[in-house]
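Chain by chain, the residues:
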Amino acid sequence: GPRPQYKFTGTGTDVPLMEWLRKYTFPAESSYKDLEAARYRYPLMVKRLLANGTTTATYFGSLHLEPNKVLVDTIIKLGQRAVVGKVCSH
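Residues numbered from 1 in each chain as written. Predicted model: local features only at pLDDT ≥ 70, side-chain atom pairs only at ≥ 80, totals over all residues. Heavy atoms only, no water.

Novice: Explain the packing of aromatic side chains residue by residue, including any values.
Specialist: Per the stated rule, a full pass over the model turns up 1 aromatic pair. Judged by centre distance (6.2 Å) and plane angle (45°), the ring pair of W20 and Y24 falls under tilted. Residue W20 and its partner Y24 are located together in helix α1 (residues 17-31), separated by 4 residues, close to a single helical turn. An identical accessibility class is assigned to W20 and Y24; each is buried. (Phe/Tyr/Trp six-rings, centres within 6.5 Å; stacked < 30°, edge-to-face > 60°. Helix = DSSP H or I, 4+ residues; strand = E, 2+ residues; numbered from the N terminus. Buried < 20%, exposed > 50% of the residue type's maximum accessible area, 1.4 Å probe, protein only.)

Rendered as structure tokens:
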């Protein structure tokens, strides 16, 4: 589901999967350690999904617990139904 990889939807086909993760996803996930960035980005994503009719979603957040709590708070505030999981990779 949408998460730090959201901004790369439909992109990054220039490299194989593991290289794509190292090039695009892992740096994006690291940026979510910044709670202010998460507080800014997550509402944009959830609002866009709601505007396009996605009333229920499954999210895999970043490796970081606190930004995932920001995601949950955002979902609740904006009225979307969702299951949120913390990614356990790297």
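Novice: Outline the confidence of the model for the chain, supporting the account with residue identities and numerical values.
Specialist: Confidence along the chain averages 84 in pLDDT terms, with 83% of residues attaining 70 or more. Taken element by element, the predicted model of the chain shows its lowest mean pLDDT in α1 (82) and its highest in helix α3 (residues 65-78) (95). (pLDDT = per-residue confidence, 0-100.)

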